[in-house]
Amino acid sequence: SLYPMTTTCVMRFYAFLVLAAASPALGFNHAPPQPLRLSQKGPTLSSKLARPPLYPMRPQPRRPLRVEMSSNGGAATTIATEQQDGGVVRGLACVLGGCLAHLILGTMYCWGNFLSYAPTSLLFFDGIARSGVTPDAIQVLPVALVALNLGMPIGAKLNKKVGPRLTTLIGCFFMVLGTYLASYTTRLLPFMFWYSVVSGLGVGLGYSTPMIAGWSWFPERKGLINGLTLFGFGFGAFIFNKVGTGLAEAGTPWGPMIRKISYMYAAVSFFGSLLIKARPPVEECEVGDAVAVVEEGGNDDDEFCEAPSAGFKEAITSKRFALLWAIGLMAFTPGLTILGIYKRFGMSNPAALIANDRLLSTIGGLGAITSGLGRIFWGNIVDKVGFQKGYNAQTLLQLLFMIALPLSINSPLLFGTSICSALSLYGGSIAMYVTCSAQTFGIKNAGEIYSVLFSALALASVVGAKLVISLLPKVGWTGIFGVLAGMCALNVGLLSLFKKEKQKRAPWE
């Protein structure tokens, strides 16, 4: 059938992209390793090597290196270092583990599909069904995203203390626990406590740690590593949308259906978490010290340590942060709104050609795949052309599809293309956003800083839900998509302001 074939092809494509990400580290098209000359300033060599690393140097080929350190014009001291054996393979395993963990963490986006199978007692807070009224249960995903945002700074601090593997495992545990216990509730408020708050906190705990661990293995491919890891976040919704629909159509009651799904969550997330491990720092250098790689021809090719990082308070109080936060709010609201309403919009006109539950479930699943692939594609784009060009292109394309959506109700092909493209662009916007945060503020406090930036996504989910509830009766679906298109247009202006601000030197640079 189409579903297994699609899943197999996507996973093979994912494996190819993981290997492509690792190719620089494997040494393809690289010159043979040569001595590195580090300019020694200030403290002695022994005191520098005794300190914990500040900024890891860029990875060199996995073989012994001769490092010459000179101090005050004196004789050079030669030492030999060797990167750990199997480092590239271990890095690939870490990325794969992050993808598997995110495969489960991303199932929070299944709610748009699961909602259609929920019992009437879970649709409204008072448990009374109302025909033609937007259900209160549409707020389940926005509340989960708020809880996710609250969990992220806790996860960032926990990661520094216990490491990414245990942090991710703890996050996945709470996510599975919340889903499992929610299956026993019969009213919306306690259901939201378990499914939105507890599970959402778990997602937040484990969200950023796999990416930060992946950066340690492939520091020059942050965008692609983010995309490969976040691919799981979108692909998980595709898989478990199908699983949920299959169980529901087989006659499985709501509670047992959610519990069976939670068992699958537990198995996959546990295995993925065990694969996650940050690369131990091997060498260090002071910020600003040049690393001269001597080529065979005798020319020097200057490289530098990882860029200096902003302090947490220094970053969140900067103008760059404020602009980037606003850019995120305008970028995420259209995609999150589409995630929450695509099925309801498709069924809003029973006479429309797209008003078919199975068709809409399939489109939603394919949209989850394209969302995952969009994270890989745009993550790679931001590594190659930079955040500014990549985000501008993504924003203009999102504007185009917001305009096209209300015109597509009588064309399943156009509707499916618009939904899948909009979700692909949404996924790409997240991957580029994470990368821009690390590039703008450095990686030392990346987890804490991004946890505050991520509040833009949490607020975007609330804005989208409230937008539909309050404006739909007044302006209709065309008006809703018009407002979302206006947000995309506004974001073009915000990106221009951000570019000007980035041209100014920040205090931490």
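Every chain's residues receive numbers from 1 upward, in the order its sequence appears when written. With pLDDT at 70 or above as the cut-off, local features in this predicted model cover only qualifying residues; side-chain atom pairs require 80 or more to be listed or tallied, and sums for whole chains, interfaces and linings still use all residues. Where side-chain values are given, they derive from all heavy atoms of the structure, hydrogens and water being excluded.

Visitor: Account for the overall build of the chain, with residues named and values stated.
Guide: Only DSSP runs of H or I covering at least 4 residues are called helices, and only runs of E covering at least 2 are called strands; the numbering of each starts at the N terminus. Within the chain, the regular secondary structure consists of 17 helices and 5 strands. The burial tally for the chain puts 53% of its 509 residues in the buried class. Contact definition: two residues touch when any of their heavy atoms are within 4.5 Å. Counting contacts in the chain only where the partners sit at least 6 residues apart, residues at least 24 apart contribute 81% of the total. When the accessible surface of the chain is totalled, it reaches about 21100 Å², and 65% of it is carbon and sulfur. Think of it in three bands: residues with accessible area under 20% of the maximum for their type are buried, residues over 50% are exposed, and the middle band is partly exposed, with areas taken using a 1.4 Å probe on protein chains only. The method behind every accessible area is Shrake-Rupley, applied with a 1.4 Å probe, and residues are considered shielded solely by the protein chains displayed.

Visitor: How would you sum up the pattern of salt bridges? Please name residues and give values.
Guide: Oppositely charged side chains may form a pair once their charged atoms are brought near each other. Any carboxyl oxygen of Asp or Glu within 4 Å of a side-chain nitrogen of Lys or Arg constitutes a salt bridge here. Within the structure shown, the criterion is met by 4 salt bridges. R130 is the salt-bridge partner of D126, the closest N and O atoms lying 2.3 Å from each other. Taking the relative accessible area as the measure of exposure, R130 reaches 36% and is therefore partly exposed. Between E448 and K160 there is a salt bridge whose closest N-O contact spans 2.9 Å.

Visitor: Which residues make up the side chain of S269, and what are the values?
Guide: Looking at where S269 falls in the secondary structure, it is placed in helix 10 (residues 254–275). Overall, the relative accessible area of 3% leaves S269 in the buried class. Looking at S269, its side chain comes within polar contact range of the main-chain oxygen of Y265, at 2.8 Å. Here a polar contact means two N or O atoms within 3.5 Å. Within protein one must be a hydrogen donor candidate and the other an acceptor candidate, and residues neighboring in sequence count only if both atoms are side-chain atoms.

Visitor: Any details on the packing of helix 6 (residues 164–182) against helix 7 (residues 188–207)? Residues and values, ideally.
Guide: Lines fitted to C-alpha atoms define the axes, with helix axes restricted to the stretch in contact, and inter-axis angles between N-to-C directions lie between 0 and 180 degrees. As a packed pair, helix 6 and helix 7 sit with axes 7 Å apart at the nearest point and diverge in direction by 170°. Regarding the angle of helix 6 to helix 7, the classification is roughly antiparallel. Relative to helix 7, the crossing made by helix 6 is left-handed. Contact residues: T167, T168, I170, G171, C172, F174, M175, G178, T179, L181 and A182 in helix 6; F191, W194, Y195, V198, S199, G202, V203, L205 and G206 in helix 7. What sets the label is the angle itself: under 35 degrees gives roughly parallel, over 145 gives roughly antiparallel, 65 to 115 gives roughly perpendicular, and the rest give oblique. Crossing handedness is read from the near helix: turned anticlockwise from the far helix by less than a right angle, it gives a left-handed crossing, and turned clockwise, a right-handed one.

Visitor: I'd like a description of the nonpolar core, backed by residues and values.
Guide: Soluble globular proteins: nonpolar side chains tend toward being buried together. Residues enter a nonpolar core if they are buried and are Ala, Val, Leu, Ile, Met, Phe, Trp, Tyr or Cys, with the set joined through side-chain atoms within 4.5 Å. Counting 130 residues, the largest nonpolar core has Y109, W111, W254 and F332 as the members making the most contacts within it. Residue contributions to this core peak at 16 residues, all from helix 17 (residues 455–502). Among residues more than four places away in sequence, those in contact with Y109 are L141, L145, F233, A237, L336, L339, Y426 and L457.

Visitor: Would you mind going over the packing of helix 12 (residues 319–346) against helix 14 (residues 387–404) in detail, with residue names and values included?
Guide: As a packed pair, helix 12 and helix 14 sit with axes 11 Å apart at the nearest point and diverge in direction by 35°. You can see that helix 12 and helix 14 cross each other, and the crossing is left-handed. Contacts between helix 12 and helix 14 involve L324, I327, A331, F332, P334, G335 and I338 from the first element and F387, Y391, Q398 and M402 from the second. For the contact of helix 12 with helix 14, a count of residues per class yields 9 nonpolar, 2 polar and no charged. Each residue receives one of three labels: charged for Asp, Glu, Lys and Arg, nonpolar for Ala, Val, Leu, Ile, Met, Phe, Trp, Tyr, Cys and Pro, and polar for the others, Gly being one of them.

Visitor: Report on helix 13 (residues 357–385), specifying residues and quantitative values.
Guide: In this model, helix 13 (29 residues) spans 40 Å end to end at C-alpha, consistent with the 42 Å of a helix rising 1.5 Å per residue. Following helix 13 by one or two positions, G386 adopts a phi angle in the positive range, close to 95°. Multiplying one less than the number of residues by 1.5 Å gives the expected span of a helix.

Visitor: Just give me the short version of helix 10, but keep the residues and values in it.
Guide: Residues separated by three or four positions in an α-helix point in the same direction, a consequence of the helix having 3.6 residues per turn. With 22 residues, helix 10 extends 33 Å between its outermost C-alpha atoms, agreeing within 8% with the 32 Å of an ideal straight helix rising 1.5 Å per residue. Considered for burial, the residues of helix 10 that qualify are W254, G255, M257, I258, R259, I261, S262, Y265, S269, G272, S273 and L275. In the core, the buried residues of helix 10 are packed alongside helix 3 (87–105), helix 4 (111–114), helix 6, helix 7 and helix 9 (222–249).

Visitor: So what about the packing of aromatic side chains? Which residues, and what values?
Guide: Here a Phe, Tyr or Trp ring, Trp counted by its six-membered ring, pairs with any other such ring whose centre lies within 6.5 Å, and the pair is stacked when the planes are under 30 degrees apart, edge-to-face when over 60, and tilted otherwise. Going through the model one piece at a time under the given rule, you end up with 28 aromatic pairs. Between F191 and Y195, the ring centres sit 5.0 Å apart and the planes meet at 15°, which makes this aromatic pair stacked. One end of the pair, F191, and the other, Y195, are both in helix 7, 4 residues apart, so they sit about a helical turn from each other. You'll find F191 and Y195 in the same group, each marked buried. Following the ring pairs from residue to residue traces out a cluster consisting of Y109, Y207, F233, F332, Y426, Y433, Y450 and F454. Criterion for a charge above a ring: Arg CZ or Lys NZ at most 6 Å from the ring centre, at most 35 degrees from the ring normal. Taking the ring centre of F124 as reference, the NZ or CZ of R130 above it sits at 4.9 Å. The side chain of R259 reaches across the aromatic face of Y184, ending 4.2 Å from its centre.

Visitor: Tell me about the environment of A278, and name the residues and values.
Guide: Its place among the elements puts A278 in the loop between helix 10 and strand 4 (290–294). When its relative accessible area of 29% is taken as the criterion, A278 is described as partly exposed. Between the C-alpha atom of A278 and that of P210, which follows or precedes it by 68 residues, the distance is 8.5 Å. If we skip the residues at most four places from it in the chain, A278 touches P164, A213, S216 and W217.

Visitor: An account of the environment of L373 is needed here, citing residue identities and associated values.
Guide: One can find L373 in helix 13. Assessed through its relative accessible area of 26%, L373 is described here as partly exposed. Sequence separation between L373 and L228 is 145 residues, and the spatial gap between their C-alpha atoms is 8.4 Å.

Visitor: Go over the confidence of the model for the chain with me, naming the residues and quoting the values.
Guide: Known as pLDDT, the predictor's per-residue confidence is scaled from 0 to 100. In the predicted model, the chain carries a mean pLDDT of 79, and the fraction of residues at 70 or more is 78%. pLDDT under 50 marks residues 21–85. Its contacts with residues more than four places away, or in other chains, come to 128 contacts. Per-residue pLDDT stays below 50 along residues 283–304; that stretch engages in 65 contacts with residues further than four places along the chain or on separate chains.

Visitor: Let's hear about the environment of G447: which residues, and what values?
Guide: Mapping G447 onto the fold places it in helix 16 (residues 446–453). Through-space distance from the C-alpha of G447 to that of P153 is 6.9 Å; in sequence the pair is 294 residues apart. Setting aside residues no more than four positions away along its own chain, G447 makes contact with A156, S208 and I212.

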